[in-house]
Amino acid sequence: MTATAPARAVAYVDTGAVERNCALLKARLQDAELCAVVKADGYGHGATACAAAAVAGGATWLAVATAAEAADLRRDGVGERLLVLGALTRADLELALTADADLVAWREDFARLAAEVASGDRPARLHVKLDTGMGRLGTRDPAEALRVAAFAQAADTLEPAGLMTHFATADVLESRFFDEQLARFTPVAEEFRRLYPQAVVHAANSSAMLRSRGAHFDMARCGIAIYGLDPFGKDALEHGLEPALELHSYVADVKEVAPGETVGYGRTWSPPSPTNVAVLPLGYGDGYRRALSNKADVLIRGRRRRVVGTISMDNVTVDVGPDTDVRRHDDVTLIGAQDAERVSAEELARLADTINFEIATGISPRVPRLPPIAPRVP
Ligand SMILES: Cc1ncc(COP(=O)(O)O)c(C=O)c1O
């Protein structure tokens, strides 16, 4: 993917890659359904476009975190079953039900509120959440989970639509806590299935889905993997996943820098010998993290070049060497591939001491998301 004209900062999103990633995950799921998680604007990739691509790739459900995200997808014409994963206030609940979304519930008082807000002709569909060890949303008490489901079954305006849990350590392959959570969930899931055979039982996120067939149940909720990012933080290509997003900018200027001279705030870098520095017109205001200062590489003319000096809100400086072939208006790849070189979101995450989720989701709204200009060469 190479830009033909300079763009200050642009994220090229290949929705074809999202579709192919979903098809690959769906094939691994066999009879279980794929729920594509498109919260936080599709992990920074664009929620509506990715939702459509995920459905084309075989996803039959979508999930978001907030009622407003559900309403946005409905406004954009998305018609699939849609689950709101987050906790909801009364106002959120009203919005989520207007968007005909399924809801997560684990307390009877919330179920009662949902029963009151929902109307008889369109019951609120509740997914009861068991907290098997994540320690966030959900009840730790299986009896409470079953009570909420029974309440939903008895109420005219509710429906027990699912039972779910969420894993805390599925991405840590050596962690046995994953197996403990699965062992806590499985008997409750069996009882729930017996009582509500029409409901859908789901537990797995991307890493759980890839690591354990036993975690698939009726559906897996996959986010990070559908975007071609590695849930284990290493290399997505090892799982056959295609990264869908590239982050590009361009060389706004090239200037000579001599030893003793510095670039950027705080004067954190000075060259040991004469060199040239390229200035890119994007920065942490675009989500290119300041923690990458003096650490990350970008790609220009097919080669890795080191980010030098402190990353600013709107500028990044890069050492392009003496006698440089780099010219003003050259395309710069900050995430993505040029020729044989590739800078992945996972690489940036390691350098910035974070996770690929945050690298992708952190690309700010100031960066337009566009389809790739040139089709990817396989
Ligand atoms: C409840 C829940 N399920 C599924 C997911 C998707 O996780 P992943 O992106 O690791 O596939 C998330 C994301 O954070 C989540 O909060």
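Note that the structure is predicted; figures quoted are calculated from it, not measured.

Colleague: Please explain the sheet that holds strand β6 (residues 124-129) as it appears in this structure.
Modeller: The strand order around the closed barrel built from eight strands is β2-β3-β4-β5-β6-β7-β8-β9, with neighbouring strands paired in parallel fashion. On average, each strand axis in the sheet is tilted by 30° relative to the strand beside it, whichever way the strands run. One ladder, built from four bridges, connects strand β2 (residues 33-37) with strand β9 (residues 219-222); its direction is parallel. If you follow Leu34 over to β9, its bridge partner there is Ala220. Lying over the sheet, helix α1 (residues 15-29) contacts β2 and β9, oriented at roughly 145° with respect to β2. In the packing of helix α7 (residues 142-154) onto the sheet, contacts are made with β5 (102-105), β6 and β7 (158-164), and the angle to β7 comes to roughly 155°.

Colleague: So what exactly am I meant to see when it comes to the domain arrangement of the protein chain here?
Modeller: Annotation of the protein chain at the domain level lists domain 1 (32-229) and domain 2 (245-370). Computed over C-alpha atoms only, the centres of domain 1 and domain 2 are separated by 39 Å. The partner domain 2 presents eight residues to the six residues of domain 1 that form the contact. Surface buried jointly by domain 1 and domain 2 totals about 690 Å² across both partners, of which 68% is contributed by carbon and sulfur atoms. If you look at where domain 1 meets domain 2, you find zero salt bridges. Here the residues of the side of domain 1 that touches domain 2 are counted per class, giving four nonpolar, two polar and no charged.

Colleague: Just checking my understanding: could you explain the packing of helix α5 (residues 90-98) against helix α6 (residues 108-117) for this structure?
Modeller: Between two packed helices, what matters for the description is the angle formed by their axes and the separation of those axes. Close contact between α5 and α6 brings their axes to 10 Å; oriented N to C, the two are set at 50°. By the criterion of interaxial angle, the relationship of α5 to α6 is oblique. When the axes of α5 and α6 are compared, the crossing they make is right-handed. Here Arg90, Leu93, Glu94 and Leu97 of α5 come into contact with α6, specifically with Phe110, Leu113, Ala114, Glu116 and Val117.

Colleague: When you look at the side chain of His166 in this model, what are you seeing that I'm missing?
Modeller: By secondary structure assignment, the location of His166 is in the loop between β7 and α8 (177-195). What makes His166 buried here is its relative accessible area of 18%. Engagement of the side chain of His166 in a polar contact is seen with the side chain of Arg221, the distance being 3.2 Å. Excluding residues within four positions of it along the chain, His166 makes contact with Lys129, Thr132, Met134, Arg136, Gln181, Ala203, Asn205 and Arg221.

Colleague: Please clarify how the site of the ligand should be interpreted in this entry.
Modeller: Residues in contact with the ligand amount to 14 residues; listed here are only the nearest, Lys39, Tyr43, Ser206, Gly223 and Ile224. In the environment of the ligand, an oxygen atom lies 2.8 Å from a nitrogen or oxygen atom belonging to the backbone of Gly223. For the ligand, whose free accessible area comes to 400 Å², the fraction covered by protein is 91%.

Colleague: Explanation requested: the pattern of salt bridges in the structure shown.
Modeller: Oppositely charged side chains may form a pair once their charged atoms are brought near each other. Throughout the structure, instances matching the rule amount to 29 salt bridges. One salt bridge connects Glu108 with Arg147, and the closest N-O pair in it is separated by 3.2 Å. Of this pair, Glu108 sits in helix α6 while Arg147 sits in helix α7, placing them 39 residues apart in sequence. Across the pair Arg140 and Asp131 runs a salt bridge whose closest N-O atoms are separated by 3.6 Å. A single salt-bridge network, built from bridges that share partners, covers Arg81, Asp100, Asp102, Arg122 and Arg125.

Colleague: How do you make sense of the packing of α7 against α8 when you look at a structure like this?
Modeller: Packing of α7 against α8 leaves a shortest axis separation of 11 Å and a crossing angle of 20°. Taken together, the axis directions place α7 and α8 in an arrangement best described as roughly parallel. Remark: the crossing between α7 and α8 carries right-handed chirality. When α7 is examined against α8, the residues Pro142, Leu146 and Ala149 are found in contact with a partner set consisting of Val188, Glu191, Phe192 and Leu195. Classifying every residue of the contact of α7 with α8 by side-chain character gives six nonpolar, no polar and one charged.

Colleague: Would you take a moment to explain the packing of aromatic side chains for this structure?
Modeller: For any two aromatic rings, the description comes down to two numbers: the centre-to-centre distance and the angle of the planes. Under the defined criterion, the tally for this structure stands at five aromatic pairs. Plain terms: the ring middles of Tyr43 and Phe357 are 5.9 Å apart, the flat faces sit at 35° to each other, and that makes the pair tilted. Of the two residues, Tyr43 is situated in helix α2 (residues 39-43) and Phe357 in helix α11 (residues 356-361); the sequence distance between them amounts to 314 residues. According to the relative accessible area criterion, Tyr43 is buried, its value standing at 8%. By relative accessible area, which is 29% here, Phe357 ends up partly exposed.

The rules we used
Residues numbered from 1 in each chain as written. Predicted model: local features only at pLDDT ≥ 70, side-chain atom pairs only at ≥ 80, totals over all residues. Heavy atoms only, no water. Pairing = 2+ DSSP bridges. Helix = DSSP H or I, 4+ residues; strand = E, 2+ residues; numbered from the N terminus. Axes fitted to C-alpha atoms, helices over the stretch in contact; angles between N-to-C directions. Contact = heavy atoms within 4.5 Å. Domains from an automatic or database assignment. Buried area = accessible area lost by both parts, 1.4 Å probe. Salt bridge = Lys/Arg side-chain N within 4 Å of Asp/Glu carboxyl O. Nonpolar A, V, L, I, M, F, W, Y, C, P; charged D, E, K, R; others polar. Parallel < 35°, antiparallel > 145°, perpendicular 65-115°, else oblique. Left-handed = near helix turned anticlockwise from the far one by under 90°. Buried < 20%, exposed > 50% of the residue type's maximum accessible area, 1.4 Å probe, protein only. Polar contact = N/O pair within 3.5 Å; in protein donor to acceptor, adjacent residues only side chain to side chain. Near = heavy atom within 4 Å. Areas by Shrake-Rupley, 256 points an atom, 1.4 Å probe, with all protein chains shown as cover. Phe/Tyr/Trp six-rings, centres within 6.5 Å; stacked < 30°, edge-to-face > 60°.

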